[in-house]
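Observations on the model geometry
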Protein chains: 2
Amino acid sequence: MKKYYLLTPGPTPIPPEVALKEAMPILHHRTSEFGQIFKDTAEGLKYVFCTQQEVYILAGSGTAAMETAVVNFLSAGDEIIVASCGIFGDRWKNIAKAYGVKVIDVSVPYGEAVKPEEIEKALKENPNVKAVFTTFTETSTGVANDIKAIGKIVAGFKAILVVDAVSGLGGQEFLTDAWEVDVVVSGSQKGFMLAPGLAFITVSKKAWELAEKSTLPKFYFDLKKYKKSYLTDETPFTPPVTLIVSLNQAIKMIQSEGLENMWAQYALLAKATRAAMQGLGLELFAKVPCEVVTSVKVDESIGSKIVKLLRDNYGVSIAGGQGAMKGKIIRFAHMGYIGKADLLVGISCLEMALTQLGVNVKCGAGIGIAEEVLLKG
Amino acid sequence: MKKYYLLTPGPTPIPPEVALKEAMPILHHRTSEFGQIFKDTAEGLKYVFCTQQEVYILAGSGTAAMETAVVNFLSAGDEIIVASCGIFGDRWKNIAKAYGVKVIDVSVPYGEAVKPEEIEKALKENPNVKAVFTTFTETSTGVANDIKAIGKIVAGFKAILVVDAVSGLGGQEFLTDAWEVDVVVSGSQKGFMLAPGLAFITVSKKAWELAEKSTLPKFYFDLKKYKKSYLTDETPFTPPVTLIVSLNQAIKMIQSEGLENMWAQYALLAKATRAAMQGLGLELFAKVPCEVVTSVKVDESIGSKIVKLLRDNYGVSIAGGQGAMKGKIIRFAHMGYIGKADLLVGISCLEMALTQLGVNVKCGAGIGIAEEVLLKG
């Protein structure tokens with residue numbers, strides 16, 4: 001009998017109240033019963049996104065929402081600015097390339113945060129730029145970007161600001177409207193405490209105006225279809241009914257807890273984790289760490305072994321590095337239904353795993369510090 | 001306390017064994033535990049599709065798989081033949097139009113089956129045609145098309161055959177390999193007894209060769225990414241973990257029941273429904289009825305009222321007509337986890353609803369005939 005502890009930046013654990021909703025007898029999606037749940041859910045999403053705009057729900061992964069953000073606002077040959085600081089930021093470039101969109105690249109090395117002033121410079125030098133694409137919390141490196149500052153800059157140009165907030169939304173302050181973010185994409189399996197399978201996207205008035213000129217081909221991702229269907233509390237294509245019913249429950253729990261309280265809780269978990277890692281003599285990877293995932297440098301000879309040992313021996317799932325960072329970092333998530341006890345299990349088991357792998361750490365040295373940070377609250 | 005009876009052609013009811021799997025603690029998708037379930041599920045899908053080829057799983061609705069079938073095999077300006085007999089067949093034309101693909105239309109009026117000889121004629125007259133797109137069981141009209149005959153014809157040309165089997169697969173004999181269907185698309189919420197959110201697609205060797213020449217833009221729907229990920233029992237983007245775990249359970253149940261037995265069961269339900277409707281003096285809409293959904297003509301003045309009354313008074317969900325057929329037909333599904341008792345409830349409640357709406361039917365006249373058909377087996 002193995003018990004599993006998910007400390008990965010997606011999927012995150014699902015609260016039993018939410019999981020059981022997935023198991024309820026399925027409703028037909030063109031009924032007033034489901035319509036009411038759908039309407040209520042779409043309304044609740046506005047609370048989590050901190051927006052007055054509609055939040056469109058698509059059946060798909062976060063990448064589906066990213067592609068939706070490209071094909072609805074651009075045309076082949078259009079110029080965009082991409083400010084990337086990791087693998088998910090780079091994905092904007094790959095999607096743009098697939099559609100013949102020209103990328104002006106203001107990316108930074110992995111581990112660093114994107115530079116708002118570089119975006120401003122690029123916008124001034126390239127007056128035809130249609131959109132700026134960037135990432136809120138870059139899951140692959142654990143870096144947070146200053147979306148508020150970037151929003152302020154982009155608002156002064158005709159370009160729209162598109163932000164991948166797949167991992168950060170719900171986990172760390174993100175104010176769609178107040179920060180003037182035109183298009184925000186997210187997914188169900190991180191801050192929303194839900195299974196993967198739903199993607200979300202918001203569209204500002206400025207972005208809808210740009211959408212009118214977009215000629216990139218689209219059908220399933222065509223947001224105009226969603227806009228029209230939302231008028232009758234529906235989606236244009238069969239929605240993942242059970243996931244939406246469980247999302248409704250998850251949002252109720254988020255509202256009951258209060259977004260600000262959740263942000264504070266994750267910030268505390270992140271602070272405790274960072275202190276514990278430094279207490280173990282480990283170095284943090286992100287120069288500007290976000291609150292939803294902490295990335296830690298490890299010796300490449302044992303990077304992948306740590307992840308495997310934690311999973312196989314202790315049932316603890318943390319994330320390793322992706323792509324070019326494979327084996328070089330480990331990552332702990334603090335988002336969704338991850339609490340203090342989960343974190344304590346993760347740090348304790350890490351201490352044991354490091355000892356087993358011959359690293360000179362003192363058992364209790366990291367977890368003790370984490371406890372002290374948590375005690376101070 | 002309302003009890004619901006789903007007799008709609010998607011979503012269909014979910015067996016409790018499958019629903020409860022959705023509520024199990026979520027696994028991380030890059031683990032050997034989930035990898036094993038994924039591999040087992042992908043293998044099981046081959047059984048349901050009657051194919052030796054891989055069946056790719058996408059996060060999305062059936063339409064996502066349809067768009068995948070267009071963008072992976074074609075280039076702008078390519079010519080295709082579309083043989084449509086309903087709303088879902090027409091969707092092929094709409095997707096093609098969105099991507100600048102030229103359609104040679106050999107559609108038939110709603111209620112009729114597409115004509116294989118017309119497809120053959122069009123293929124002979126248009127030697128540049130890259131693909132033939134059609135529908136197996138057209139959910140909107142209840143018609144079944146002769147895919148076996150069409151497969152035999154298309155195999156003699158360089159064009160590939162793409163079939164939308166979203167509603168028919170698992171419900172009625174469909175042999176992907178034996179019938180030489182190059183690309184088959186389906187979805188989770190019908191014959192698979194699962195919630196919506198997963199889309200499936202198969203690709204023959206002939207279709208992969210065509211894929212090499214395709215230049216339509218794609219990223220999320222790029223099947224080459226899925227082909228590569230499948231080598232390590234993964235998907236390129238975060239898969240809907242809970243839906244895949246429950247799909248694994250559903251396929252085990254389908255295998256235990258036996259596909260042939262399920263096909264026979266649905267055929268019997270369809271036969272009983274057709275006989276009952278005729279016993280009530282109602283006319284069938286489909287000239288070549290499929291076994292997974294029975295469509296029945298009703299007076300336009302009460303068409304929508306029947307559906308609403310059944311749902312509101314009896315908790316019975318059947319489908320009305322879509323688009324141009326709104327109010328003109330009603331539809332009963334026989335697929336997935338729909339059994340004899342469900343059908344009896346549906347027909348009995350229909351008799352009561354028709355009586356309430358002032359239609360001159362004799363209560364018991366239809367259901368009695370249905371019972372007799374079921375008794376004969």
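This paragraph deals with the pairing of strand β5 (residues 131-135) of chain A. Every other side chain in a regular strand lies on the same face of the sheet, so the side chains alternate between the two faces. Residues and elements named next belong to chain A. When you tally the buried positions in β5, you get five out of five residues, the bulk of the element. Side-chain alternation along β5 places Ala131, Phe133 and Thr135 on one buried face and Val132 and Thr134 on a second face that is also buried. Where strand β3 (residues 79-83) and β5 come together, four bridges link them in parallel fashion. Considered in β5, the bridge of Ile80 is made with Ala131. Relative to strand β8 (residues 160-164), β5 is paired through five bridges, and the arrangement is parallel. Bridged to Thr135 within β8 is Asp164.

Next up on the list: the interface of chain A and chain B. Residue-level contacts link 46 residues of chain A with 46 residues of chain B. Those elements that provide at least two residues to the side of chain A that touches chain B are α1 (16-22), α3 (62-71), α4 (87-98) and α9 (241-257) of chain A. With four residues, the single largest contributor to the side of chain A that touches chain B is α3 of chain A. When the residues that make up the side of chain A that touches chain B are grouped by side-chain class, the tally is 26 nonpolar, 16 polar and four charged.

Another aspect to go through is the nonpolar core. Grouped together as the largest cluster of nonpolar side chains are 266 residues, with contacts concentrated most on Val185 of chain A together with Val185 of chain B. Not counting residues within four places of it along the chain, the set of residues in contact with Val185 of chain A comprises Gly62, Ala65, Met66, Ala69, Asp164, Ala165, Val166, Ala199, Phe200 and Ile201 of chain A.

Moving on: the environment of Asp105 of chain B. Residues and elements named next belong to chain B. Along the polypeptide, Asp105 turns up in strand β4 (residues 102-105). Judged by C-beta crowding, with 12 C-beta atoms within 10 Å, Asp105 ranks as exposed. Separated by 15 residues in sequence, Asp105 and Asp90 place their C-alpha atoms 9.8 Å apart. Each residue touching Asp105, except ones within four places of it in the same chain, is listed here: Val82 and Lys93.

Of the transformation placing chain A onto chain B, the axial shift is 0.0 Å and the rotation is 180°, giving an RMSD of 0.0 Å. As the rotation angle and translation indicate, the two copies are arranged about a two-fold axis. Using C-alpha coordinates, one finds that chain A approaches the rotation axis most closely at Gly60 of chain A, a distance of 2.3 Å. The share of interface residues of chain A whose copies in chain B are also at the interface is 100%, consistent with both copies meeting through the same surface.

All names here are of chain A. Taken together, seven strands build an open sheet; the order of strands is β2-β10-β9-β8-β5-β3-β4 and the sheet is mixed. For this open sheet the edge positions go to β2 (55-59) and β4 (102-105), each flanked by a neighbour on one side alone. Here the average twist between neighbouring strands, direction ignored, is 25°. Pairing between β3 and β4: four bridges, direction parallel. Within β4, the residue paired with Ile81 across the bridge is Ile104. Against the sheet, helix α2 (residues 32-49) contacts β2, β9 (183-187) and β10 (198-202), and its axis sits at roughly 110° relative to β2.

Turning our eyes to something else, we now look at the domain arrangement of chain A. Residue and element names in this part refer to chain A. Domain boundaries in chain A define domain 1 (5-10 + 258-376) and domain 2 (16-256). A straight line from the C-alpha centre of domain 1 to that of domain 2 covers 28 Å. The interface is formed by 24 residues belonging to domain 1 together with 25 residues belonging to domain 2. Looking at the side of domain 1 that touches domain 2, the elements that each hand over two or more residues are α10 (259-279) and β11 (293-297). With four residues, α10 is the single largest residue contributor to the side of domain 1 that touches domain 2.

Quick notes on the rules
- Residues numbered from 1 in each chain as written.
- Chains lettered and ligands numbered in written order.
- Predicted model: local features only at pLDDT ≥ 70, side-chain atom pairs only at ≥ 80, totals over all residues.
- Buried ≥ 20, exposed ≤ 12 C-beta atoms within 10 Å, placed from the backbone.
- Helix = DSSP H or I, 4+ residues; strand = E, 2+ residues; numbered from the N terminus.
- Pairing = 2+ DSSP bridges.
- Contact = placed C-beta atoms within 7 Å.
- Nonpolar A, V, L, I, M, F, W, Y, C, P; charged D, E, K, R; others polar.
- Core = buried A, V, L, I, M, F, W, Y, C linked by C-beta atoms within 7 Å.
- Least-squares fit on C-alpha atoms with pLDDT ≥ 70 in both.
- Axes fitted to C-alpha atoms, helices over the stretch in contact; angles between N-to-C directions.
- Domains from an automatic or database assignment.

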